[in-house]
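Breakdown of the fold
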Amino acid sequence: MIVIGGSSSENLANTVASRLGATSGKIEIKRFPDGEKYLRVLDDVKDHHVIVIQSMHHTPDELLFEYLLLVDALKDLGAKRVSSFIPYFAYARQDERFKPGEALSFRTVSKLIETVGTDDVFTIDMHQHRILRSSEVFRIPSHNLSAMPLLADYVMKEGILRNPLVIGPDAEAEQWAKLAAETLHSDYDVFEKKRYTADRVEVRPRKATAKGRDILIVDDIISTGGTIIEASKTLFTQGAARIEVACTHPILAANSLSRIREAGITNVIGTDTVPSPISFVSVAPIIADEVKKLRS
Ligand code: R5P
(Lines give C-alpha, C1' and ligand atoms only; values in the text may rest on other atoms or scores of the structure.)
Protein backbone atom coordinates (compact mmCIF):
# COMPACT_ATOMS: atom_id res chain seq x y z
CA MET A 1 0.00 0.00 0.00
CA ILE A 2 1.23 3.49 -0.89
CA VAL A 3 -0.15 6.72 0.59
CA ILE A 4 0.17 9.81 -1.61
CA GLY A 5 -0.77 13.32 -0.55
CA GLY A 6 -1.63 15.98 -3.08
CA SER A 7 -0.15 19.42 -2.56
CA SER A 8 -2.93 20.44 -0.12
CA SER A 9 -2.48 17.45 2.18
CA GLU A 10 1.18 16.41 2.15
CA ASN A 11 1.68 16.60 5.91
CA LEU A 12 -1.57 14.81 6.62
CA ALA A 13 -0.64 12.04 4.14
CA ASN A 14 2.80 11.59 5.74
CA THR A 15 1.19 11.26 9.18
CA VAL A 16 -1.32 8.73 7.87
CA ALA A 17 1.45 6.73 6.15
CA SER A 18 3.55 6.56 9.30
CA ARG A 19 0.51 5.55 11.43
CA LEU A 20 -0.07 2.70 8.97
CA GLY A 21 3.57 1.79 8.47
CA ALA A 22 2.90 2.29 4.73
CA THR A 23 5.08 3.81 2.02
CA SER A 24 4.71 7.55 1.68
CA GLY A 25 4.54 8.10 -2.08
CA LYS A 26 5.96 11.16 -3.77
CA ILE A 27 4.82 13.25 -6.69
CA GLU A 28 6.51 16.07 -8.55
CA ILE A 29 4.41 19.08 -9.46
CA LYS A 30 5.46 22.12 -11.43
CA ARG A 31 4.01 24.64 -13.82
CA PHE A 32 4.70 25.27 -17.47
CA PRO A 33 5.22 28.90 -18.49
CA ASP A 34 1.66 29.11 -19.84
CA GLY A 35 0.27 28.15 -16.41
CA GLU A 36 -0.44 24.49 -17.16
CA LYS A 37 0.27 22.03 -14.39
CA TYR A 38 2.79 19.18 -14.69
CA LEU A 39 2.47 16.15 -12.44
CA ARG A 40 4.71 13.11 -12.19
CA VAL A 41 4.30 10.06 -9.94
CA LEU A 42 7.73 9.15 -8.56
CA ASP A 43 6.94 5.67 -7.17
CA ASP A 44 6.27 2.39 -8.90
CA VAL A 45 2.55 2.01 -8.21
CA LYS A 46 1.90 -1.00 -10.45
CA ASP A 47 -0.38 -3.51 -8.69
CA HIS A 48 -0.44 -1.42 -5.53
CA HIS A 49 -3.43 -0.20 -3.59
CA VAL A 50 -2.88 3.58 -3.48
CA ILE A 51 -4.46 5.89 -0.92
CA VAL A 52 -4.72 9.44 -2.24
CA ILE A 53 -5.32 12.30 0.21
CA GLN A 54 -6.22 15.68 -1.24
CA SER A 55 -8.31 18.32 0.52
CA MET A 56 -9.93 20.93 -1.74
CA HIS A 57 -9.71 24.14 0.26
CA HIS A 58 -8.96 27.74 -0.74
CA THR A 59 -7.98 26.95 -4.36
CA PRO A 60 -10.50 24.16 -5.03
CA ASP A 61 -10.36 24.29 -8.83
CA GLU A 62 -6.61 23.93 -8.89
CA LEU A 63 -6.57 21.18 -6.29
CA LEU A 64 -9.39 19.30 -7.99
CA PHE A 65 -7.53 19.41 -11.29
CA GLU A 66 -4.34 18.18 -9.61
CA TYR A 67 -6.40 15.35 -8.09
CA LEU A 68 -7.74 14.38 -11.53
CA LEU A 69 -4.25 14.35 -13.06
CA LEU A 70 -2.94 12.28 -10.17
CA VAL A 71 -5.62 9.59 -10.10
CA ASP A 72 -5.74 9.27 -13.88
CA ALA A 73 -1.95 8.82 -13.91
CA LEU A 74 -2.06 6.27 -11.08
CA LYS A 75 -4.63 4.14 -12.86
CA ASP A 76 -2.75 4.42 -16.13
CA LEU A 77 0.47 3.36 -14.36
CA GLY A 78 -1.26 0.18 -13.19
CA ALA A 79 -2.40 0.96 -9.64
CA LYS A 80 -4.64 -1.91 -8.55
CA ARG A 81 -7.02 0.28 -6.60
CA VAL A 82 -7.19 3.99 -5.78
CA SER A 83 -9.04 4.90 -2.59
CA SER A 84 -9.36 8.64 -2.15
CA PHE A 85 -9.75 10.72 0.95
CA ILE A 86 -10.95 14.24 0.23
CA PRO A 87 -11.13 15.63 3.76
CA TYR A 88 -12.57 19.01 2.75
CA PHE A 89 -14.82 18.39 -0.23
CA ALA A 90 -15.47 21.63 -2.08
CA TYR A 91 -18.55 22.29 -4.19
CA ALA A 92 -20.86 20.22 -1.99
CA ARG A 93 -22.92 23.35 -1.21
CA GLN A 94 -23.92 23.79 -4.86
CA ASP A 95 -26.02 20.63 -4.81
CA GLU A 96 -29.16 22.26 -6.15
CA ARG A 97 -30.20 24.78 -8.80
CA PHE A 98 -31.16 27.74 -6.60
CA LYS A 99 -31.58 30.08 -9.59
CA PRO A 100 -32.46 29.02 -13.13
CA GLY A 101 -29.45 28.09 -15.21
CA GLU A 102 -27.04 27.42 -12.35
CA ALA A 103 -24.45 24.66 -12.73
CA LEU A 104 -24.94 21.69 -10.40
CA SER A 105 -21.30 21.84 -9.35
CA PHE A 106 -21.51 19.02 -6.79
CA ARG A 107 -22.69 16.63 -9.50
CA THR A 108 -20.06 17.81 -12.00
CA VAL A 109 -17.23 17.37 -9.49
CA SER A 110 -18.39 13.92 -8.44
CA LYS A 111 -18.64 12.83 -12.09
CA LEU A 112 -15.07 13.99 -12.75
CA ILE A 113 -13.80 12.12 -9.69
CA GLU A 114 -15.47 8.94 -10.95
CA THR A 115 -14.35 9.39 -14.54
CA VAL A 116 -10.63 9.29 -13.75
CA GLY A 117 -11.04 5.89 -12.11
CA THR A 118 -11.33 6.57 -8.38
CA ASP A 119 -12.44 3.26 -6.88
CA ASP A 120 -13.84 4.57 -3.61
CA VAL A 121 -14.07 8.01 -2.05
CA PHE A 122 -14.11 9.16 1.55
CA THR A 123 -14.98 12.63 2.79
CA ILE A 124 -15.04 14.11 6.28
CA ASP A 125 -18.07 16.06 7.49
CA MET A 126 -18.96 16.91 3.93
CA HIS A 127 -21.60 19.59 3.63
CA GLN A 128 -24.80 17.58 3.30
CA HIS A 129 -27.79 19.83 3.58
CA ARG A 130 -30.30 18.76 1.00
CA ILE A 131 -28.39 15.65 -0.08
CA LEU A 132 -28.23 13.45 2.98
CA ARG A 133 -25.95 10.69 1.76
CA SER A 134 -22.96 10.96 -0.55
CA SER A 135 -24.29 7.85 -2.34
CA GLU A 136 -27.06 10.07 -3.73
CA VAL A 137 -24.38 11.78 -5.85
CA PHE A 138 -21.56 9.26 -6.31
CA ARG A 139 -21.97 6.04 -8.27
CA ILE A 140 -18.77 4.61 -6.74
CA PRO A 141 -18.66 3.52 -3.07
CA SER A 142 -18.55 6.68 -0.95
CA HIS A 143 -18.39 7.27 2.78
CA ASN A 144 -18.71 10.45 4.79
CA LEU A 145 -16.76 10.24 8.05
CA SER A 146 -16.96 12.63 10.98
CA ALA A 147 -14.31 14.43 12.99
CA MET A 148 -16.79 15.51 15.67
CA PRO A 149 -15.99 12.74 18.18
CA LEU A 150 -12.26 13.64 17.94
CA LEU A 151 -12.99 17.37 18.33
CA ALA A 152 -15.26 16.73 21.32
CA ASP A 153 -12.64 14.47 22.84
CA TYR A 154 -10.08 17.28 22.54
CA VAL A 155 -12.49 19.72 24.23
CA MET A 156 -13.12 17.19 27.01
CA LYS A 157 -9.39 16.67 27.62
CA GLU A 158 -8.88 20.46 27.74
CA GLY A 159 -11.32 20.34 30.64
CA ILE A 160 -12.25 24.02 30.42
CA LEU A 161 -16.00 23.61 29.86
CA ARG A 162 -18.12 22.40 32.80
CA ASN A 163 -21.07 20.21 31.80
CA PRO A 164 -21.38 21.97 28.44
CA LEU A 165 -24.50 22.45 26.38
CA VAL A 166 -23.64 21.61 22.75
CA ILE A 167 -25.21 23.90 20.16
CA GLY A 168 -25.49 23.38 16.41
CA PRO A 169 -26.06 26.75 14.75
CA ASP A 170 -28.54 25.38 12.21
CA ALA A 171 -30.70 22.34 11.57
CA GLU A 172 -28.01 20.60 9.51
CA ALA A 173 -25.61 20.82 12.44
CA GLU A 174 -27.82 18.54 14.53
CA GLN A 175 -25.83 15.49 13.34
CA TRP A 176 -22.58 17.04 14.65
CA ALA A 177 -24.14 18.41 17.85
CA LYS A 178 -25.47 14.92 18.60
CA LEU A 179 -22.08 13.27 18.03
CA ALA A 180 -20.22 15.84 20.14
CA ALA A 181 -22.82 15.61 22.93
CA GLU A 182 -22.45 11.82 23.00
CA THR A 183 -18.69 12.13 23.57
CA LEU A 184 -19.14 14.86 26.18
CA HIS A 185 -22.11 13.09 27.86
CA SER A 186 -24.04 16.33 27.65
CA ASP A 187 -27.24 17.73 26.16
CA TYR A 188 -27.54 19.53 22.83
CA ASP A 189 -29.82 21.78 20.82
CA VAL A 190 -29.82 23.36 17.37
CA PHE A 191 -30.70 26.85 16.18
CA GLU A 192 -32.81 27.87 13.25
CA LYS A 193 -30.67 29.80 10.76
CA LYS A 194 -31.69 32.11 7.95
CA ARG A 195 -28.98 33.21 5.51
CA TYR A 196 -29.61 36.52 3.74
CA THR A 197 -26.27 36.87 1.92
CA ALA A 198 -22.90 35.02 1.95
CA ASP A 199 -21.88 36.99 5.07
CA ARG A 200 -25.23 37.88 6.71
CA VAL A 201 -27.09 35.25 8.71
CA GLU A 202 -29.67 35.32 11.49
CA VAL A 203 -30.09 32.52 14.05
CA ARG A 204 -32.92 31.79 16.49
CA PRO A 205 -32.88 29.39 19.45
CA ARG A 206 -35.17 26.35 19.25
CA LYS A 207 -35.72 25.19 22.80
CA ALA A 208 -32.67 24.99 25.09
CA THR A 209 -31.63 27.93 27.20
CA ALA A 210 -28.00 28.81 27.63
CA LYS A 211 -28.47 30.71 30.91
CA GLY A 212 -25.47 30.09 33.14
CA ARG A 213 -24.21 27.27 30.89
CA ASP A 214 -20.83 26.63 29.30
CA ILE A 215 -21.46 26.23 25.58
CA LEU A 216 -19.73 24.32 22.82
CA ILE A 217 -20.87 25.44 19.35
CA VAL A 218 -20.10 22.85 16.68
CA ASP A 219 -20.24 23.24 12.90
CA ASP A 220 -18.73 21.70 9.81
CA ILE A 221 -17.22 24.89 8.36
CA ILE A 222 -16.16 28.28 9.63
CA SER A 223 -15.85 30.48 6.60
CA THR A 224 -16.72 34.14 7.22
CA GLY A 225 -17.51 33.33 10.87
CA GLY A 226 -20.95 34.96 10.48
CA THR A 227 -22.84 31.86 11.61
CA ILE A 228 -20.75 31.40 14.76
CA ILE A 229 -20.83 35.09 15.67
CA GLU A 230 -24.63 35.32 15.30
CA ALA A 231 -25.10 32.14 17.33
CA SER A 232 -22.82 33.40 20.09
CA LYS A 233 -24.65 36.77 20.28
CA THR A 234 -27.90 34.90 20.88
CA LEU A 235 -26.26 32.61 23.45
CA PHE A 236 -24.67 35.49 25.37
CA THR A 237 -28.04 37.31 25.34
CA GLN A 238 -29.53 34.18 26.92
CA GLY A 239 -26.85 34.38 29.63
CA ALA A 240 -24.26 31.81 28.47
CA ALA A 241 -21.31 31.71 30.90
CA ARG A 242 -18.64 30.76 28.37
CA ILE A 243 -18.50 29.76 24.70
CA GLU A 244 -16.03 27.55 22.83
CA VAL A 245 -16.29 26.59 19.16
CA ALA A 246 -15.25 23.42 17.37
CA CYS A 247 -15.40 23.01 13.61
CA THR A 248 -14.09 20.40 11.22
CA HIS A 249 -13.02 22.70 8.38
CA PRO A 250 -11.45 26.01 9.47
CA ILE A 251 -11.61 27.84 6.15
CA LEU A 252 -11.33 31.11 8.11
CA ALA A 253 -11.94 33.65 5.37
CA ALA A 254 -10.42 37.15 5.73
CA ASN A 255 -10.48 38.35 9.38
CA SER A 256 -13.03 35.81 10.61
CA LEU A 257 -10.87 34.51 13.47
CA SER A 258 -10.31 37.94 15.01
CA ARG A 259 -14.02 38.77 14.60
CA ILE A 260 -14.93 35.52 16.38
CA ARG A 261 -12.55 36.33 19.24
CA GLU A 262 -13.90 39.89 19.47
CA ALA A 263 -17.37 38.35 19.84
CA GLY A 264 -16.23 36.98 23.21
CA ILE A 265 -15.60 33.37 22.23
CA THR A 266 -12.89 31.91 24.44
CA ASN A 267 -11.48 29.16 22.25
CA VAL A 268 -11.86 28.05 18.65
CA ILE A 269 -10.58 24.70 17.49
CA GLY A 270 -10.53 22.98 14.12
CA THR A 271 -8.89 20.08 12.33
CA ASP A 272 -6.16 19.77 9.74
CA THR A 273 -8.57 19.05 6.87
CA VAL A 274 -7.73 22.71 6.27
CA PRO A 275 -4.35 23.61 7.80
CA SER A 276 -4.85 26.77 9.88
CA PRO A 277 -3.70 28.45 13.12
CA ILE A 278 -6.49 26.61 14.97
CA SER A 279 -5.97 23.14 13.47
CA PHE A 280 -5.24 21.51 16.83
CA VAL A 281 -6.89 18.18 15.99
CA SER A 282 -5.57 15.90 13.25
CA VAL A 283 -7.92 13.74 11.19
CA ALA A 284 -5.03 11.33 10.51
CA PRO A 285 -6.37 8.71 13.00
CA ILE A 286 -9.79 8.75 11.30
CA ILE A 287 -8.22 8.18 7.87
CA ALA A 288 -5.77 5.56 9.13
CA ASP A 289 -8.54 3.61 10.89
CA GLU A 290 -10.63 3.62 7.73
CA VAL A 291 -7.69 2.45 5.62
CA LYS A 292 -7.12 -0.42 8.08
CA LYS A 293 -10.71 -1.52 7.42
CA LEU A 294 -10.02 -1.48 3.65
CA ARG A 295 -6.99 -3.67 4.21
CA SER A 296 -8.81 -6.33 6.22
C1 R5P B 1 -23.63 26.07 6.37
O2 R5P B 1 -24.77 25.58 6.39
C3 R5P B 1 -22.46 25.47 7.08
O4 R5P B 1 -22.83 24.38 7.86
C5 R5P B 1 -21.74 26.51 7.93
O6 R5P B 1 -22.58 26.92 8.98
C7 R5P B 1 -21.34 27.68 7.11
O8 R5P B 1 -20.67 27.27 5.94
C9 R5P B 1 -20.48 28.62 7.89
O10 R5P B 1 -20.19 29.73 7.09
P11 R5P B 1 -19.87 31.14 7.72
O12 R5P B 1 -18.73 30.97 8.67
O13 R5P B 1 -19.52 31.97 6.53
O14 R5P B 1 -21.13 31.65 8.38
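This text goes with the structure placed above it.
Residues numbered from 1 in each chain as written. Predicted model: local features only at pLDDT ≥ 70, side-chain atom pairs only at ≥ 80, totals over all residues. Heavy atoms only, no water.

A word on the pairing of strand β13 (residues 214-222)
Going by this rule: Working definition: with a 1.4 Å probe on protein chains only, accessible area under 20% of the residue-type maximum means buried, over 50% means exposed, and in between means partly exposed. Secondary structure elements follow DSSP: runs of H or I no shorter than four residues count as helices, runs of E no shorter than two count as strands, and numbering proceeds from the N terminus. Paired strands, as defined in this entry, are two strands with at least two bridges between them according to DSSP. Look down the strands so they point away from you; if going from the first strand over the helix to the second traces a clockwise path, that crossover is right-handed.
Across the 9 residues that make up β13, a large majority, 9, are buried. Relative to β13, strand β9 (residues 165-168) runs parallel, the two being bridged by 3 bridges. Bridge pairing in β13 links L165 to I215. Handedness of the crossover joining β13 and strand β14 (residues 242-250) through helix α6 (residues 226-237): right-handed.

A look at the packing of helix α1 (residues 10-20) against helix α8 (residues 284-295)
The criterion, for reference: Axis geometry follows a simple rule: fit a line to the C-alpha atoms, using only the stretch in contact for helices, then measure angles between N-to-C directions, giving values from 0 to 180 degrees. Orientation is classified from the angle alone, with under 35 degrees giving roughly parallel, over 145 giving roughly antiparallel, 65 to 115 giving roughly perpendicular, and any other angle giving oblique. Crossing handedness is defined as follows: a turn of the near helix away from the far one that is anticlockwise and smaller than a right angle gives a left-handed crossing, while the clockwise case is right-handed. The contact rule is simple, with two residues in contact once any of their heavy atoms fall within 4.5 Å. Residues are grouped as follows: Ala, Val, Leu, Ile, Met, Phe, Trp, Tyr, Cys and Pro are nonpolar; Asp, Glu, Lys and Arg are charged; every other residue, Gly included, is polar.
Taken N-terminus to C-terminus, the directions of α1 and α8 make an angle of 50°; their axes are 9 Å apart at the nearest point. By the criterion of interaxial angle, the relationship of α1 to α8 is oblique. Between α1 and α8 lies a crossing whose hand is right-handed. The segment α1 lies against α8, with L12, T15, V16, R19 and L20 engaging A284, P285, I287, A288, V291, K292 and R295. In terms of residue class, the contact of α1 with α8 is made up of 8 nonpolar, 1 polar and 3 charged.

Some points on the sheet that holds strand β7 (residues 120-124)
If you trace the 6 strands from one edge of the open sheet to the other, you get β2-β1-β5-β6-β7-β8, paired in parallel fashion. The strands lining the two open edges of the sheet, one partner per strand, are β2 (23-25) and β8 (142-145). Strand after strand, the sheet turns through a mean of 20° between neighbouring axes, direction not considered. Two elements, strand β1 (residues 2-5) and β2, share 3 bridges in a ladder whose sense is parallel. Residue V3 lies in a different strand from β2, and its bridge partner there is S24. The sheet contacts of helix α2 (residues 60-76) involve β1, β5 (49-53) and β6 (81-86), and relative to β6 the element is tilted by about 165°. The strands touched by α8 are β5, β6, β7 and β8; relative to β6, the strand with the most contacts, the crossing angle is about 155°.

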